Amino acid sequence: MRLHILQAHGETALKEAVLADKKRGMSDPEIGARYGISFNTLQQIITEAYGANISVLQRPKRIKRWEPFSFREETTTVWSFKQRGDWATHNGRYRGNWSPYIPRNVILKYSKPGDLVLDYFVGGGTTAVEAKLLGRRCIARDINPGAVGITLENLRFSPPRLGTGMAEPIYEPEVQVGDARDLSDISENSVDLICAHPPYAGIIRYSTKILGDLSALSVPDFLREMRKVAQESLRVLKPGGKCAILLGDARRAKHVIPIGFQTIRVFLDAGFGLKELVIKRQHNCRTTGFWYARSIQHNFLLLAHEYLPIFEKPLTAVSREQLPLWRETVSYWLSREEVTEAEKENLETTTVWIFPENRLDAEMRRNLIQRFCSRGYFLEVQYDEREDLRLGETHANALFIRWPPLLMTEPRFAGYRDLVVRLARESCDGIPSGAFLIVEAMDFRSEGRLIPSGLLLYEALRGQRHLSLKEIVIVVPETPPSNEPEENLKIIHRYLLVYLRK
Ligand SMILES: C[S@@+](CC[C@H](N)C(=O)[O-])C[C@H]1O[C@@H](n2cnc3c(N)ncnc32)[C@H](O)[C@@H]1O
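Residues numbered from 1 in each chain as written. Predicted model: local features only at pLDDT ≥ 70, side-chain atom pairs only at ≥ 80, totals over all residues.

*Asks:* Would you mind going over unusual backbone geometry with me for this structure?
*Replies:* In terms of backbone geometry, most residues other than glycine have negative phi values and most peptide bonds are trans. Positioned with a positive phi, Ser70 is a non-glycine residue whose angle comes to about 30°. A tally of 5 C-beta atoms within 10 Å means that Ser70 is categorised as exposed. In this structure, Glu447 takes a positive phi of about 45° despite not being glycine. Mapped onto the elements, Glu447 comes out in the loop between β17 (444-446) and β18 (449-451). (Buried ≥ 20, exposed ≤ 12 C-beta atoms within 10 Å, placed from the backbone. Helix = DSSP H or I, 4+ residues; strand = E, 2+ residues; numbered from the N terminus.)

Here you go:
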């Protein structure tokens with residue numbers, strides 16, 4: 001079909017035919033098959049024609065409700081929304097827009113009515129709509145005039161007086177075209193909360209010709225430009241103000257590219273403190289049939305989580321966070337297990353592993369063994385016991401370094417980090433090529449700060465040239481205790497950093 005239209009009428013006719021079918025409601029895969037074009041080409045045709053990357057061409061229908069059903073604020077570090085949320089004017093039309101549950105939680109937790117909220121990557125306006133509904137002032141910007149147009153369209157509503165019944169004022173957001181890297185027209189110390197969702201590194205292209213659109217950049221260029229965003233964010237926020245940024249990883253050649261951790265580091269280096277590190281689960285993952293078989297056959301996990309760090313502008317300017325230099329003595333023991341043909345069924349296929357609390361440890365080990373140690377020895381290193389052992393040459397096919405069972409403190413963490421680095425170094429000779437090194441980590445709080453141990457261990461291992469990061473897995477107990485909102489979220493997730501010995 002494509003060739004025929006191209007030969008007969010040229011590129012313009014092909015685009016018109018594609019857009020006409022899209023307008024008629026034909027699905028993206030059907031269009032792809034009919035015209036022999038990729039999903040990326042289809043997105044490009046739509047973005048060029050409409051000035052924004054939208055998934056449906058029709059305008060959204062009337063408003064069904066003003067609030068989510070039985071909303072409860074999140075209380076732990078793992079956020080999971082089965083439905084994306086369709087109250088007020090929210091809809092999935094702007095491609096890659098975030099679920100309104102995210103800005104709703106962030107705005108309710110970190111601002112009060114009348115406060116000023118800034119979203120400089122506003123896209124289709126989700127944050128601006130929530131700010132308006134919740135009685136916050138809002139500056140909403142995007143580099144793409146097409147996105148600004150959609151935001152304005154989504155803000156065309158007058159909400160009824162909700163909640164307390166008190167006549168809270170409604171503030172109309174200020175919506176403008178603008179570049180997140182240059183907020184020079186916003187004065188310093190003036191914003192209460194930043195809540196934004198950047199277009200990380202080429203995963204979705206948001207425009208075709210707009211200079212400064214970060215969605216067109218490679219990962220290193222994206223990180224460099226985000227440094228400017230972080231510096232500007234720090235300048236405009238009030239001391240103590242929060243900055244919530246949603247980030248995701250990418251995958252190349254069956255290895256994870258940890259854009260999330262790398263961007264968090266950019267914000268910490270700019271001078272932010274870290275208040276929370278939330279894991280946001282993604283539900284659009286394909287986990288059965290073809291994808292299950294592929295994930296097992298090629299041994300990779302489908303990305304099923306994003307990171308939502310909540311940064312905080314320090315009350316007084318401080319230099320970058322430093323862990324203390326002193327160490328506790330490190331001692332540990334090794335346990336060696338010969339791998340037998342254990343149950344190979346029902347393995348996890350995504351990066352988020354959720355197990356019942358009482359079987360969490362066993363299920364985690366079963367999945368690790370089956371995924372990363374199908375033969376030979378599975379060697380487990382437990383920190384904080386009596387003996388002091390050297391790794392030596394083990395012939396293990398997987399080396400699993402366990403997070404200490406004791407309450408974590410900064411000095412103990414420094415000791416654990418030393419152990420991990422030393423064993424990683426020794427693994428160069430200690431485990432064969434093709435084997436895996438797995439490091440367990442859990443964020444913890446110390447003197448009011450969140451210590452992002454997954455990120456810090458990833459950074460500590462970056463110099464080990466014989467190891468390549470294969471996966472970042474998030475492990476979560478199935479039924480986290482339900483509790484009332486408190487100042488800090490309850491940390492319930494842990495990380496498994498999985499490295500391949502090259
Ligand atoms: C992931 S989308 C945001 C979606 C938004 N949270 C929503 O719910 O609709 C990222 C947005 O960043 C915008 N963008 C890219 N580079 C930018 C820049 N330098 N300054 C401001 N906006 C930019 C893109 O146009 C895109 O709309």
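*Asks:* Any chance you could explain the site of the ligand here in plain terms?
*Replies:* Lining the immediate surroundings of the ligand are 26 residues, of which Asn97, Phe121, Gly123, Gly124 and Thr126 lie closest. By residue class, the composition of the shell around the ligand is 12 nonpolar, 9 polar and 5 charged. (Near = placed C-beta within 6 Å. Nonpolar A, V, L, I, M, F, W, Y, C, P; charged D, E, K, R; others polar.)

*Asks:* How should I be thinking about the environment of Leu303 in this particular structure?
*Replies:* Relative to the helices and strands, Leu303 is located in the loop between α10 (289-297) and β11 (305-312). Each residue touching Leu303, except ones within four places of it in the same chain, is listed here: Asp249, Arg251 and Thr351. (Contact = placed C-beta atoms within 7 Å.)

*Asks:* Looking at this structure, how should I read the confidence of the model for the protein chain?
*Replies:* Caution applies to low-pLDDT regions: their predicted coordinates should not be interpreted in detail. Per-chain confidence: the protein chain averages 87 in pLDDT, with 87% of residues scoring 70 or above. Segment residues 323-327 is flagged for pLDDT under 50; beyond a separation of four residues in sequence, or across chains, it makes 10 contacts in the model. (pLDDT = per-residue confidence, 0-100.)

*Asks:* Before we go on, may I ask you to explain helix α9 (residues 259-270) in this structure?
*Replies:* Owing to its 3.6 residues per turn, the α-helix brings residues three or four apart onto one side. Here α9 is 12 residues long and its end C-alpha atoms lie 17 Å apart, about the 16 Å a rise of 1.5 Å per residue gives. Of all 12 residues in α9, 9 are buried, a share of seventy percent or more. What α9 keeps buried is the set Ile259, Gly260, Phe261, Gln262, Thr263, Ile264, Val266, Phe267 and Ala270. Those residues of α9 that are buried are in contact with α8 (219-236), β7 (247-248), β8 (250-252), β9 (255-257), β11 and α13 (453-460). (Expected span 1.5 Å × (residues − 1).)

*Asks:* I keep staring at the pairing of strand β5 (residues 191-196) and nothing clicks. Help me out?
*Replies:* Regular strands have side chains that alternate between both faces of the sheet. Most of β5 sits inside the fold, with 6 of its 6 residues counted as buried. Strand direction decides the pairing type here: strand β2 (residues 116-119) and β5, joined by 2 bridges, are parallel. The partner of Val117 across the bridge, within β5, is Leu193. (Pairing = 2+ DSSP bridges.)

*Asks:* Just to check I follow, could you spell out the packing of helix α12 (residues 410-430) against α13 for this structure?
*Replies:* One way to put it is that α12 packs onto α13 with a least axis distance of 10 Å and a crossing angle of 40°. For the pair α12 and α13, the crossing hand works out as right-handed. Counting all contacts with α12, which are made through Phe413, Arg417, Val420 and Val421, the residues of α13 involved are Ser453, Leu456, Leu457 and Ala460. Here the residues of the contact of α12 with α13 sort into 6 nonpolar, 1 polar and 1 charged. (Axes fitted to C-alpha atoms, helices over the stretch in contact; angles between N-to-C directions. Left-handed = near helix turned anticlockwise from the far one by under 90°.)

*Asks:* How should the packing of α8 against α9 be read in this particular structure?
*Replies:* Pairs of packed helices are described in terms of their axes, by the angle between the two and the distance that separates them. One can describe the packing of α8 onto α9 by two numbers: an axis separation of 9 Å at closest approach and a directional angle of 35°. Note on packing geometry: the crossing formed by α8 with α9 is right-handed. Contacts between α8 and α9 involve Val219, Leu223, Met226, Arg227, Ala230, Gln231 and Leu234 on the former and, on the latter, Ile259, Gln262, Thr263, Val266, Phe267 and Ala270. The residue inventory of the contact of α8 with α9, partitioned by class, reads 9 nonpolar, 3 polar and 1 charged.

*Asks:* Explain helix α2 (residues 11-23) here, please?
*Replies:* With 13 residues, α2 ought to run about 18 Å at 1.5 Å a step, and its terminal C-alpha atoms sit 18 Å apart, in line with that. Restricting attention to buried positions, one finds in α2 the residues Leu14, Val18 and Lys22. Viewed along the axis of α2, the buried residues span an arc of 70°, placing them on a single side of the element. Exposed residues pointing more than 90 degrees away from the buried face of α2 are listed as Thr12, Ala13, Ala20 and Lys23. Once α2 ends, the next one or two residues include Gly25, with phi positive near 100°. (Arc of directions from axis to C-beta.)

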